Amino acid sequence: MLVTVIFLSVLLLVTLGVAAYETYGERKVAAFMQDRIGPDRAGPFGLLQPIADGVKMFMKEDFVPATANRVLYFLGPAIAMTTALMTGCVIPWGGTLVIGDFTLNLQAADPEIGILYVFAMVSIGVYGIMLGGWASNNKFALLGAIRASSQMISYELAMGLSLVALIIGTGTLSLGGIVAGQLDGVWNIVAQPLGFLLFLVCAFAETNRAPFDLPECETELVGGYHTEFSSMKLGFYLFAEYVNMFISSAVISTLYFGGYDIPFVDQAGLTTFWVTALGTLSLFAKIGFFIFFFMWIRWTLPRFRFDQLMNLGWKALIPLAILNILLTGLWNFRHELIQLF
Amino acid sequence: MQILFYLFAAVSILSALFVVAAKNPVNSVIALIVCFLSIAGHYILLNAQFLAVVHVIVYTGAIMVLFLFVIMLLNLNKSTEPQKSMATRIAAVIAGGLFLLTLLGAIKDGIGIADPDVYDGSVGLVKSVGTSLFTEYLLPFEVSSVLFLSAMIGAVMLGKKDTSPQPLSSGEGQNAADRA
């Protein structure tokens, strides 16, 4: 019990730390892509920049618009941040760590419905944006909130359908089970290339990242749903986006890229401690790549128009996801089908 | 565990009452979301993980988002709420009273409360739900899926733009062809 509490606290700190350094990474990647230097004032290579930004956020005036619905205005950022942080506890961050007599499973909880739990948290997360945007009583914020909700609903469908095809193959909903299946066999990306692509596109939409960042679209809506937010409330919204990006990258790595699996590591003759430690490191390397990929796309592709976004979701991704389910089903029952004829 | 049950029960009933009592429709919707989440908590207490999480995804995550979406889009509030006539109110009270009577009639001989000692903790897990849906209840399951599909197609048909050619525009097309 105590060990689990300590593990979850460490996980919370790591998540927040990664999210903080994602803001630094985003600015450095943007600078690199635009042939600039990026933040370099605070500390060596600007490494203290996230701390400076955090202090700035805390020190700013916490302004509440006079016409805002105060309770919901407070609840919005809180829901966004809480749901973003709650997802990490079902993700397998590594195998079982053995140090002497002490063993620690690097997955806080492995419920039978792990992947659905992640899905439920994502679908509750949209309330943070909707309630915050509505409560600020501002036209731009309301438009941002409405865009967010319609975008989330549309892309959740395609995301769920792309997962159905994956689950047909894995035969389990537990994230630990999905990784265990990949440890013995091949990574799911080999069996589900189309499913992975659909899931990736939907992950961009679910985290409100460019090219699908229409809820905050600064060229049309000032700041979208967080137009009226200031100080740490704004900070929570922005931070929740980076936490979501981290968790999405972790989920993508877990579902399609073997999680903490390193191919052929069992033949290298390492002790179990080193296998576990290197496995966790490899998971974080995969997560790091996908976070970079999120940023890469943001600074490469222009933003979609809203009708393009809806058309892509409903007329391209959902039919493709259904086709993918059909193909996966046919492939999985090919022996029975051959016997039939 | 028992404390959790009483907590969830109290939250469910209070939030359900607040759904009806709240003046502002957005507050009503939020109370309903809290109610659904506490019902999901009840499912978890019964070890029905699958039911709980699907309940959260479908009701809390999709249906209530749509409710909230429509209320925000129409900007419903107290001032725009239409005043019901006296006849409508009386009819509503009678209908509600009849429904209450039916409910009371149904439970007057006691509702079958399951014996907690013989409760099968695996009944709400993915495997048992799936097995019973695809064996025992296969026909109702398939029929209701067809029902949902027809409802979806119906909604799409109703929402479609009328693209049949207007008499005026076809005449213009004729003229344009003549000029060419």
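Our subject is the structure listed above.
Please read these numbers as outputs of a predicted model, since none were measured by experiment.

Peer 1: Any chance you could break down the overall build of chain A for me, citing the residues and the numbers?
Peer 2: Across its full length, chain A holds 13 helices and 2 strands. Here the C-alpha atoms of chain A give a radius of gyration of 21 Å, agreeing with the 20 Å that 2.2 N^0.38 yields for 341 residues. Referenced to the eigenvectors of the C-alpha coordinate spread, the extents of chain A come out at roughly 70 × 55 × 45 Å. For chain A, the proportion of its 341 residues judged to be buried stands at 52%. A sequence separation of at least 24 residues applies to 80% of the contacts in chain A between residues at least 6 apart. Accessible surface computed for chain A: about 15,900 Å², of which carbon and sulfur atoms make up 72%.

Peer 1: Which residues make up the interface of chain A and chain B, and what are the values?
Peer 2: The accessible area lost on association of the parts is a frequent measure of interface size. Of the residues lining the interface, 22 residues belong to chain A; the matching set on chain B comes to 23 residues. For the chain A and chain B pair, buried surface summed over both sides reaches about 2,000 Å², with 80% attributable to carbon and sulfur atoms. Broken down residue by residue, the surface that chain A buries against chain B is led by Glu112(A), Tyr127(A) and Trp134(A), which jointly contribute 29%. Taken together, chain A and chain B are joined by 0 salt bridges. Where the side of chain A that touches chain B is concerned, the elements lending two or more residues are α4 (114–135) and α5 (139–170) of chain A. With 11 residues, α4(A) is the single largest residue contributor to the side of chain A that touches chain B.

Peer 1: A description of the packing of aromatic side chains should follow, citing residues and the corresponding values.
Peer 2: All names here are of chain A. Here the structure, examined in full by the defined rule, presents 24 aromatic pairs over all chains. Ring centres of Tyr73 and Phe229 lie 4.3 Å apart, and the angle between their planes is 5 degrees; this geometry places the pair in the stacked category. Placement of Tyr73 in helix α3 (residues 70–86) and of Phe229 in the loop between α9 (218–221) and α10 (231–256) is noted, with a sequence separation of 156 residues between them. The two residues Tyr73 and Phe229 agree in class, both being buried. Judged by centre distance (6.3 Å) and plane angle (70 degrees), the ring pair of Phe196 and Phe290 falls under edge-to-face. One end of the pair, Phe196, is in helix α8 (residues 193–206); the other, Phe290, is in helix α11 (residues 272–298), and 94 residues separate them in sequence. The residues Phe196 and Phe290 share a single accessibility class, namely buried. Ring pairs connect the aromatic residues Trp187, Phe196, Phe199, Phe204, Tyr256, Phe257, Phe289, Phe290, Phe292, Phe293, Phe294 and Trp296, which therefore count as one cluster. The ring of Phe74 is capped by Lys233, whose NZ or CZ atom sits 4.2 Å from the centre of that ring. Stacked on the ring of Trp331, the Lys or Arg Arg334 has its end atom at 4.0 Å from the ring centre.

Peer 1: Account for the environment of Met86(A), with residues named and values stated.
Peer 2: All names here are of chain A. Secondary-structure assignment places Met86 in helix α3. Assessed through its relative accessible area of 35%, Met86 is described here as partly exposed. Put simply, Met86 and Leu12 are 74 residues apart on the chain and 9.1 Å apart in space, counted from C-alpha to C-alpha. Among residues more than four places away in sequence, those in contact with Met86 are Tyr117 and Met121.

Peer 1: Please set out α10(A) residue by residue, giving values where relevant.
Peer 2: Residue and element names in this part refer to chain A. The end-to-end C-alpha distance of α10, which contains 26 residues, comes to 38 Å, matching closely the 38 Å that a straight helix rising 1.5 Å per residue would cover. Judged by how many residues are buried, α10 sits mostly within the fold: 21 of 26 residues are covered. Looking at the residues trailing α10, positive phi occurs at Gly258, about 80 degrees.

Peer 1: Now, about the nonpolar core: what can you tell me, with residues and values included?
Peer 2: Nonpolar side chains tend to gather and get buried jointly when the protein is soluble and globular. Counting residues in each nonpolar core, the largest one holds 105 residues, and the members touching the most others are Trp93(A), Tyr127(A) and Leu255(A). With 15 residues, α4(A) is the largest single contributor of residues to this core. Setting aside residues up to four positions removed in sequence, Tyr127(A) forms contacts with Ile79(A), Gly132(A), Ile33(B), Thr60(B), Gly61(B), Met64(B), Val65(B) and Leu68(B).

Peer 1: Before we move on, can you summarise the pattern of salt bridges with the specific residues and values?
Peer 2: Residue and element names in this part refer to chain A. Counted under the stated rule, the structure contains 7 salt bridges over all chains. Put simply, Arg298 and Glu26 hold a salt bridge, and the shortest N to O gap is 3.0 Å. Here the residue Arg298 occupies a position in helix α11, and Glu26 occupies one in helix α1 (residues 2–33), the gap between them amounting to 272 residues. Salt-bridge contacts for Lys233 lead to Asp62; the nearest nitrogen and oxygen are separated by 3.1 Å. Within this pair, whereas Lys233 is found in helix α10, its partner Asp62 is found in the loop between α2 (49–59) and α3, the two being separated by 171 residues in sequence.

Basis of the calculations
Residues numbered from 1 in each chain as written. Chains lettered and ligands numbered in written order. Predicted model: local features only at pLDDT ≥ 70, side-chain atom pairs only at ≥ 80, totals over all residues. Heavy atoms only, no water. Helix = DSSP H or I, 4+ residues; strand = E, 2+ residues; numbered from the N terminus. Rg over C-alpha atoms; globule rule 2.2 N^0.38 Å. Buried < 20%, exposed > 50% of the residue type's maximum accessible area, 1.4 Å probe, protein only. Contact = heavy atoms within 4.5 Å. Areas by Shrake-Rupley, 256 points an atom, 1.4 Å probe, with all protein chains shown as cover. Buried area = accessible area lost by both parts, 1.4 Å probe. Salt bridge = Lys/Arg side-chain N within 4 Å of Asp/Glu carboxyl O. Phe/Tyr/Trp six-rings, centres within 6.5 Å; stacked < 30°, edge-to-face > 60°. Lys NZ or Arg CZ within 6 Å of the ring centre and 35° of its normal. Expected span 1.5 Å × (residues − 1). Core = buried A, V, L, I, M, F, W, Y, C linked by side-chain atoms within 4.5 Å.

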